[in-house]
Amino acid sequence: MGFFDNLSKKMEEKSEKKKQEDAEYQEILSTFKNDGAKEFENYYFDLKKNKILEARGVFKRSYRIIDFKDVVSYSINKKEHNDSKTQTKRKHGIGRAVVGGVLLGPVGAAVGGLTSKKETQTISKDFVDHLGVVINLTDGTSFEITYFDSTLKADNSLVATSIKQVNQLATVLEAGIENAKRQQSETVAISSNKAKEDNTQSAAQSSPDTDPLDEIKKLKELLDIGAITPEEFDAKKKQLLNL
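Owing to the predicted nature of the structure, the values given are computational and were not obtained by experimental measurement.

Reading the values: rules and limits
Residues numbered from 1 in each chain as written. Predicted model: local features only at pLDDT ≥ 70, side-chain atom pairs only at ≥ 80, totals over all residues. Heavy atoms only, no water. Core = buried A, V, L, I, M, F, W, Y, C linked by side-chain atoms within 4.5 Å. Buried < 20%, exposed > 50% of the residue type's maximum accessible area, 1.4 Å probe, protein only. Helix = DSSP H or I, 4+ residues; strand = E, 2+ residues; numbered from the N terminus. Pairing = 2+ DSSP bridges. Axes fitted to C-alpha atoms, helices over the stretch in contact; angles between N-to-C directions.

**A look at the nonpolar core**
Among the nonpolar cores identified, the biggest contains 24 residues, and Phe45, Phe68, Ile135, Ile145 and Leu169 are the most heavily contacted of them. Breaking this core down by element, the ones donating at least two residues are strand 2 (43–46), strand 8 (114–137), strand 9 (142–148) and helix 2 (157–206). Counting residues per element, this core draws most heavily on helix 2, at seven residues.

**Digging into unusual backbone geometry**
Here the phi dihedral of Glu41 falls at roughly 55 degrees; this positive angle occurs in a residue that is not glycine. By secondary structure assignment, the location of Glu41 is in the loop between strand 1 (38–40) and strand 2. The phi torsion at Asn50 lies on the positive side, around 60 degrees, for a residue other than glycine. Within the secondary structure layout, Asn50 lies in the loop between strand 2 and strand 3 (51–54). Accessibility expressed as a relative area gives 0% for Asn50, which makes it buried.

**Digging into the sheet that holds strand 1**
In space, the four strands of this open sheet follow the order 1-2-3-4, with antiparallel pairing throughout. With partners counted over all chains shown, the strands left at the sheet margins are strand 1 and strand 4 (64–67), one partner each. Sheet twist, expressed as the mean angle between neighbouring strand axes with direction ignored, is 20 degrees.

**A look at the pairing of strand 2**
Here is the key point about a regular strand: its side chains alternate between the two faces of the sheet. Neither face of strand 2 is open: one carries Tyr43 and Phe45, the other Tyr44 and Asp46, and all of them are buried. Pairing analysis gives three bridges linking strand 1 to strand 2, with the strands arranged antiparallel. In the sheet register, Phe40 faces strand 2, and the bridge partner there is Tyr43. The hairpin turn running from strand 1 into strand 2, its antiparallel successor, is two residues long, and Glu41 in that turn takes a positive phi close to 55 degrees. Taken together, the four bridges between strand 2 and strand 3 define a ladder with antiparallel strand orientation. Looking at strand 3, one finds that Tyr43 is bridged to Glu54. Between the end of strand 2 and the start of strand 3, which pair antiparallel, lie four residues, with Asn50 showing a positive phi angle near 60 degrees.

Pasting the structure below:
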């Protein structure tokens, strides 16, 4: 097999592997959507299975599934600032003529004196520079779902829409974390109950209610009257004596 044949075979294998990966991803994505997972940016939150899917992006083929039991906490990352400016304006007007005399205008007309008054005004504007939700995991890592990362006026409609989505995401995160805590508590309770049952059974086996010798005597009486065969007697005796 020549060089180009090997190259062609490798390309075919790579293409086939890519198809399999794509099919697996589409199946996972469909499962999340069928469960009614909530979508926030590039993430799907499935509260039925209590898992999070970090989906593929336009330039990102990788994806991952995060279990809510691995979510420690979350925080809202909001950066904002205020821009205040003070402006001073001079307001002009015409006053009354000076007593005892007149002021002449440019064409000889008698006019009142010019007056001026300062007015100071403070203009304040609020801006939001960044908005996202940071999710912290048990392994010490974290990731952020970012809604915008550019300076916008606080009264911008995009800011209002993003804040609404952040609040919705926070509600979903709270529900997922609570579900994980409840599932862990139920698992611990089940394990504890099973351990108690095992201990009870072990105690019952180690401390039987009847004496094996008494049982053997009863069996011997049954053997003597022909109710059981010698083989049955021997088998039962070995069982009682743990032989």
